[in-house]
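Fold and contact review
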2 protein chains.
Amino acid sequence: MSDVVDVIVGQWAKERPDVTDDLWPVQMFARIQRLARVVDKSAKDTAAAHGVEHGEFDVLTTLQRSGPPYTLTAGALLKASMVTSGAITNRIDKMEAKGLVERVREGTDRRTVKIRLTDHGHDVTRAVFADHLANYARLLATVDRDLVERTAEDLREVLLALGDTA
Amino acid sequence: MSDVVDVIVGQWAKERPDVTDDLWPVQMFARIQRLARVVDKSAKDTAAAHGVEHGEFDVLTTLQRSGPPYTLTAGALLKASMVTSGAITNRIDKMEAKGLVERVREGTDRRTVKIRLTDHGHDVTRAVFADHLANYARLLATVDRDLVERTAEDLREVLLALGDTA
DNA sequence: TGTTTTTATCTCAACGTTGAGATTATCAAC
DNA sequence: GTTGATAATCTCAACGTTGAGATAAAAACA
């Protein structure tokens, strides 16, 4: 059976037969892009239902899963989120105004700013994350679990081959 | 070997052992999200080198692969790009100013606006697409091709199971 | 024919991100 | 110690997208 990407590749093969041999990366990347769109939009809606932006949810979960004392520097959050410094500053500003996190300036290096999850931030994170996982499960309700796990393992190999290690 | 997502899942398992059983979708979705970020950023740079925005490149390729007469309605482009109507209007405005496409109002239905690739648009599309494919190949230079094709097929099954058909 | 509903596109303010530059602090070398 | 380089964060204008509403045409129905 054919999906949307098969159709796209078929169109290219017809219109640009000269590039047919170079389309194999498209088969993977286009599907990744498509799935990312669908999942991101869904995740955005889940977070929005709790009054939290997509990027803010990213910061919340990064802080919570980091464990006690639920504190990370702005720089660490920036790398984890794969966004620019301006985006992190903006996110922290708004999250601080909402009482989700607080900026802590302490320690020897006074350039660094530590971001700490507040008690309220913890509560919100737990609530949103629960909905988030339920949403993921709902999205995959019609998908064979073995397929999902197999795909996840293939994707890990791809990421490793690309040098995406911790 | 562990990738970044393995680390993330490990953190969750430690900090929130109660949700461990619900993390299997994260293994796939988080990797899709991560790969999408990397690939999108790279594709953006490729397009930018030709003075074209990421979204504009999307419109250009959609028009070219549609074949003669290289004309699609705004609505068709909107669906293909998975963005809102405002985004398409904005893209077409700028692309028309650059001479890449032209709006054609003809036919029986005067609500519809047809977007046609100009000769200049064709030239630019060919150039950017060539670089785009070369960039894809470069990205995957260190990745086993069988793995890529296997992953692409798994992803197709996932998309089909999610109902993503043409 | 006249009215209502639906469809296609455009408008525009609000929003988050980018990316270059500014600021301030630390580290390294002399 | 002073200088220069590096590092961490913040500032801010520009940019593309969103999403609700407006506009206008076509289709459906009375």
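Residues numbered from 1 in each chain as written. Chains lettered and ligands numbered in written order. Predicted model: local features only at pLDDT ≥ 70, side-chain atom pairs only at ≥ 80, totals over all residues. Heavy atoms only, no water.

**Observations regarding the pattern of salt bridges**
Threshold: Note on definitions: salt bridges are taken to be side-chain nitrogens of Lys or Arg within 4 Å of carboxyl oxygens of Asp or Glu. Every helix listed is a DSSP run of H or I at least four residues long, and every strand listed is a run of E at least two residues long, numbered separately from the N terminus. Type-normalised accessible area, obtained with a 1.4 Å probe on protein chains alone, sets the label of each residue: buried when under 20%, exposed when over 50%, and partly exposed for intermediate values.
Counted under the stated rule, the structure contains 27 salt bridges over all chains. Between Glu149(A) and Arg145(A) there is a salt bridge, and its shortest N-O distance comes to 2.8 Å. Taken together, the residues span about one helical turn, with Glu149(A) and Arg145(A) both in helix H7 (residues 145-161) at a distance of 4 residues. Under the relative-accessibility criterion, Glu149(A) is labelled partly exposed at 30%. Linked by salt bridges that have partners in common, Asp3(A), Asp6(A), Arg31(A) and Arg156(B) make up one network.

**Here we look at the sheet that holds strand S3 (residues 114-117) of chain A**
Neighbouring strands of a sheet are bound in pairs by backbone hydrogen bonds; such pairs are parallel or else antiparallel. All names here are of chain A. Applied cut-off: Whether two strands pair depends on DSSP finding at least two bridges between them. Lines fitted to the C-alpha atoms define the axes, with helices restricted to the stretch that makes contact. Angles between their N-to-C directions range from 0 to 180 degrees. Whether two residues are in contact is decided by their heavy atoms, any of which lying within 4.5 Å being enough.
Reading across the sheet, the 3 strands line up as S1-S3-S2 and stay open at both edges, with antiparallel pairing between neighbours. Since the sheet does not close on itself, it has two edges, and those belong to strand S1 (71-73) and strand S2 (101-104), each with one partner. Within the sheet, the average angular offset between the axes of one strand and its neighbour, ignoring direction, is 30 degrees. Examined bridge by bridge, S1 and S3 share 3 bridges and lie antiparallel to one another. Counted as the bridge partner of Thr71 is Arg116 from S3. Contacts between helix H4 (residues 74-81) and the sheet are confined to S1 and S3, with S1 contributing the most and set at about 85 degrees to the helix. Against the sheet, helix H5 (residues 85-97) makes contact with S2 and S3, and its axis sits at roughly 115 degrees relative to S2, the strand it touches most.

**A word on the relation of the copies chain A and chain B**
Under the convention used in this document: Here the copies were fitted onto each other by least squares, based on C-alpha atoms from residues at pLDDT of at least 70 in both.
Rotating chain A by 180 degrees about the axis while translating it 0.0 Å along that axis superimposes it on chain B, leaving an RMSD of 0.1 Å. Read as a symmetry element, the transformation amounts to a two-fold axis. Of every C-alpha in chain A, the one belonging to Ile32(A) sits nearest the axis of rotation, 2.9 Å from it. Interface residue correspondence from chain A to chain B reaches 100%, placing this contact among same-surface, isologous pairings.

**What about the protein's contact with DNA strand D?**
Keep this limit in mind: Put simply, a residue is near a molecule or strand once any heavy atom of it comes within 4 Å of that molecule or strand. Between N or O atoms, a polar contact is any pair within 3.5 Å; within protein, one atom must be a potential hydrogen donor and the other a potential acceptor, and residues adjacent in sequence are included only when both atoms are from side chains. Basically, the charged four are Asp, Glu, Lys and Arg, the nonpolar ten are Ala, Val, Leu, Ile, Met, Phe, Trp, Tyr, Cys and Pro, and anything else, Gly included, counts as polar.
Close contacts around DNA strand D come from 23 residues, with Gly75(A), Ser85(A), Arg91(B), Lys94(B) and Thr108(B) the closest. Within 4 Å of the protein, the contacting atoms of DNA strand D are drawn from sugar and phosphate to the extent of 67%. In this structure, a base nitrogen belonging to DNA strand D sits 3.2 Å away from a side-chain N or O atom of Arg111(A). Residue Val113(A) places a main-chain N or O atom 3.1 Å away from a phosphate oxygen belonging to DNA strand D. Among the elements that line the surface near DNA strand D, the one with the most residues is helix H5 (residues 85-97) of chain B, at 5 residues. Classifying every residue of the surface near DNA strand D by side-chain character gives 4 nonpolar, 10 polar and 9 charged.

**Re the domain arrangement of chain A**
All names here are of chain A. Let me state the cut-off plainly: An automatic or database domain assignment is the source of the domain bounds shown. Simply put, the buried area is the total loss of 1.4 Å probe accessible area from both parts when two parts are fitted together.
Split by domain assignment, chain A resolves into domain 1 (1-48) and domain 2 (51-166). Averaged C-alpha coordinates put domain 1 and domain 2 at centres separated by 27 Å. At the junction of the two partners, domain 1 supplies 10 residues and domain 2 supplies 14 residues. Summed over both partners, the interface of domain 1 with domain 2 comes to about 910 Å²; 68% of that surface belongs to carbon and sulfur atoms. The largest contributions to the domain 1 side of the interface with domain 2 come from Ala43, Thr46 and Ala47, which together make up 46% of the buried area. Across the contact surface, domain 1 and domain 2 share 0 salt bridges.

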